[in-house]
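Topology and contacts: notes
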Amino acid sequence: MRFLFITLVAASLLACSNNMKENIYFADNIVVAHRGAWKAEQLPENSIASLKHAIELKCTGSEFDVHMTADSVLVIYHDAHFNDLLIKDTTYEELAKFKLSNGEVLPTLRDYILAGMENNTTTGLVCEIKPNKDKEYNLKMTDKVLALVKELKAESYIHSYISFGYDILLRILELDPKAQTQYLNGTKTPQQLKDDGISGLDYHLKVFKKNAEWIQSAKELGLTLNAWTVNSQEDLDWLIANEFDYITTNEPELLFDRIKVSPVSNGYSLVWSDEFNYKGKPDSLKWTYDYGFIANQEKQYYTDSLKNARVEEGHLIIEAHKEDISNKDFKNKKLDNTWAAYKSKIKTASYTSARIKTEDLAKWKYGRIEARAKLPKGRGMWPAIWMLSESRKELGWPESGEIDIMEHVGYDNDSIHGTIHTKAYNHTIGTEKGKTIFIENPNDEFHVFAIEWTPEKIDFMLDDVVYNHIENEHKTTAEWPFDQKFYLILNVAVGGGWGGQKGIDDSIFPQQMVVDYVRVYQEKK
């Protein structure tokens, strides 16, 4: 009987031990708290308190940094020096004399892992092993880290191992072939990582923007995608849009907020974009130009000059200038048919600008189309982000339809407009369906202008606020020509029937529309 009792107790303890390991399910989000969740609560980085807060937030991971002391104690700290003492050349006893700002003793890896295993069912430990120039030191430290994890039976709590030291990652795989590993340095292609058995890329954002093709390559190879350390709203949004597996951030609360409002979280996938991470002319595989005088009694002459349309410092610049230009300066350019009948009557213009479009290169039926931009300022300016249909040349306007995602006129600086034009609803007969919303500081701050377009409706949005809702009346194409593909247009006009209603202030030039990105999402299939 006593033997049976002891056996049952042992079995119960084993079951409890197994349950502790099996009950850690990494939270279903992409948020990795960098050095714990410390910033909002003003906790010390890499402290047990910051780890506990990351667990409270239910981040999928909490990252921390490991060094080894002179007496081979594994400690948690980011820099190689602690209180001006080089960690690798100092004993733990000496280091422990100095406390963190909240009174904690410098955490050992043992204490840190044990804290991460306590009352934690959601947040994996992302262990960064800090390399040193001494390879022998690196391998010894790596061996001790994995031995400790095994001793504590903490394998299931380790989300991944990360390092700038490639030799460290390869050593981890020697000791534990099932371990999840991510390389930090950004110097290896996805294929190189795959060939060496590394699980994923955890690179600086700039590496991904410079090598955007690596994102799709990594996905195709089954590698995980992470980026460090990303803190701004616009960068977080870009990574979410590109469906990264993880994002390491000092701002986990902000990242949770951005996930909630992201199109990706609302059933969309990114199908086309231009992030303008290059220099020179707009990408010819994505954009083409309109030339000359176009329509609406506008005063500018559209060109493909770098002066008028260029990409620099991560932004598209569409810039209007006060300058004289003659038709003959662009005599070899194909002029829009709208102007063809009149071009012989006007020989010169006093303004230049640009109008770029995706016609014949990309077009879409339904989806979320958005652009983040700053607008030009001054009387006479008329920037627009808008769409025309693939049937425009065949059917003509307005039968073919028009979607004005954003229009702005300089003499009414604090308002933007979202409008549709169709045969039944257009401004020539005073029936266009448009609405206006107040916009604060459109010239110096970026705003997101968007539509969400389905077979049933088009919603016009400013910074995720819907201000114009157009429903499909299910009558004829005269009311709803929006069940076909449309292409995108970006331009800055000068003067014209609307923009020039109160004249043009010639003292304001040059003026720019600055576009941070253009993205097109469609519903996931």
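Above this text sits the structure in question.
Computed from a prediction, not measured in an experiment: that's the story for all the values here.

**What to know about the pattern of salt bridges**
By the definition in use, this model includes 30 salt bridges. Each of Arg35, Glu45, Asp65, Glu128 and Lys130 takes part in one network of salt bridges that share partners.

**Overview of the packing of helix α10 (residues 233-241) against helix α11 (residues 252-261)**
In the contact formed by α10 and α11, the axes pass within 10 Å of each other and the chain directions differ by 55°. With respect to α11, the axis of α10 lies oblique. The handedness of the crossing between α10 and α11 comes out as right-handed. Residues Gln233, Leu236, Asp237 and Ile240 of α10 form the contact with α11, whose participating residues are Leu254, Leu255, Arg258 and Ile259.

**So, the packing of helix α4 (residues 109-117) against helix α5 (residues 135-151)**
One way to put it is that α4 packs onto α5 with a least axis distance of 11 Å and a crossing angle of 40°. With respect to their mutual orientation, α4 and α5 come out oblique. Seen from above, α4 lies across α5 with right-handed handedness. Residues Leu109, Arg110 and Ile113 of α4 lie in contact with α5, whose contacting residues are Val145, Leu148, Val149 and Glu151.

**Concerning the pairing of strand β19 (residues 367-374)**
Most of β19 sits inside the fold, with 7 of its 8 residues counted as buried. Where β19 lies against strand β24 (residues 447-453), 7 bridges are found, and the strand directions are antiparallel. Paired with Ile369 across the bridge in β24 is Ile451. Alignment of β19 against strand β28 (residues 511-523), held across 7 bridges, turns out to be antiparallel. For Ile369, the partnering residue across the bridge sits in β28 and is Val520.

**Observations regarding the environment of Lys39**
When you line up the elements, Lys39 lands in the loop between β1 (31-33) and α2 (48-57). Lys39 gets classed as partly exposed once you look at its relative accessible area, which sits at 40%. Taking the C-alpha atoms as reference, Lys39 lies 53 Å from Pro398; in sequence the two are 359 residues apart. Those residues in contact with Lys39, other than ones at most four positions away along the chain, are Asn250 and Glu251.

**As for the side chain of His408**
The topology assignment puts His408 in the loop between β21 (402-407) and β22 (415-421). With a relative accessible area of 0%, His408 lands in the buried category. Here the side chain of His408 touches Asn413 through a polar contact of 2.9 Å, landing on its backbone oxygen. What His408 contacts, discounting residues up to four positions off in sequence, is Leu375, Pro376, Met381, Trp382, Pro383, Asn413, Ser415, Ile416 and Pro442.

**Some words on the environment of Glu402**
Along the chain, the position of Glu402 falls in strand β21. When the C-alpha atoms of Glu402 and Asn426 are compared, they prove to be 9.2 Å apart, with 24 residues separating the residues in sequence. Residues contacting Glu402, with those up to four places away along its chain left out, are Trp386, Met387, Leu388, Trp397, Thr419, Ile420, His421, Phe482 and Phe486. One polar contact links Glu402 to Trp397, side chain to side chain, over a distance of 2.7 Å.

**Comments concerning the side chain of Asn120**
Inspection of the secondary structure assignment puts Asn120 in the loop between α4 and β6 (124-129). For Asn120, a relative accessible area of 4% gives the class buried. Of the polar contacts made by the side chain of Asn120, one reaches the backbone nitrogen of Thr122; its length is 3.0 Å. In terms of polar contacts, Asn120 uses its side chain to reach the backbone carbonyl oxygen of Thr123, at 2.7 Å. The contact partners of Asn120, leaving out residues within four places of it in the chain, are Ile24, Ile55 and Tyr157.

**Side note on unusual backbone geometry**
At the junction of Trp397 and Pro398, the peptide bond is cis and its omega measures out at 10° in the coordinates. Mapped onto the fold, Pro398 is located in the loop between α13 (392-395) and β21. Pro510 follows Phe509 through a cis peptide bond whose omega is 0°. Residue position: Pro510 is located in the loop between α14 (496-499) and β28. Even without being a glycine, Gln297 presents a positive backbone phi close to 55°.

**Topic: the nonpolar core**
It is characteristic of soluble globular proteins that their nonpolar side chains tend to be buried jointly. Judged by nonpolar contacts, the single largest core of 68 residues is most densely connected at Leu109, Ile113, Val145, Tyr161, Leu201, Phe208 and Ile247. Considering each element in turn, this core owes the most residues, 6 residues, to α5. Apart from the residues lying within four places of it in its own chain, the contact partners of Leu109 are Phe64, Val66, Leu74, Val75, Ile76, Val145 and Leu148. Counting 51 residues, the second-largest nonpolar core is a separate cluster that includes Ala371, Met381, Leu462 and Val520.

Reading guide: rules and limits
Residues numbered from 1 in each chain as written. Predicted model: local features only at pLDDT ≥ 70, side-chain atom pairs only at ≥ 80, totals over all residues. Heavy atoms only, no water. Salt bridge = Lys/Arg side-chain N within 4 Å of Asp/Glu carboxyl O. Axes fitted to C-alpha atoms, helices over the stretch in contact; angles between N-to-C directions. Helix = DSSP H or I, 4+ residues; strand = E, 2+ residues; numbered from the N terminus. Parallel < 35°, antiparallel > 145°, perpendicular 65-115°, else oblique. Left-handed = near helix turned anticlockwise from the far one by under 90°. Contact = heavy atoms within 4.5 Å. Buried < 20%, exposed > 50% of the residue type's maximum accessible area, 1.4 Å probe, protein only. Pairing = 2+ DSSP bridges. Polar contact = N/O pair within 3.5 Å; in protein donor to acceptor, adjacent residues only side chain to side chain. Core = buried A, V, L, I, M, F, W, Y, C linked by side-chain atoms within 4.5 Å.

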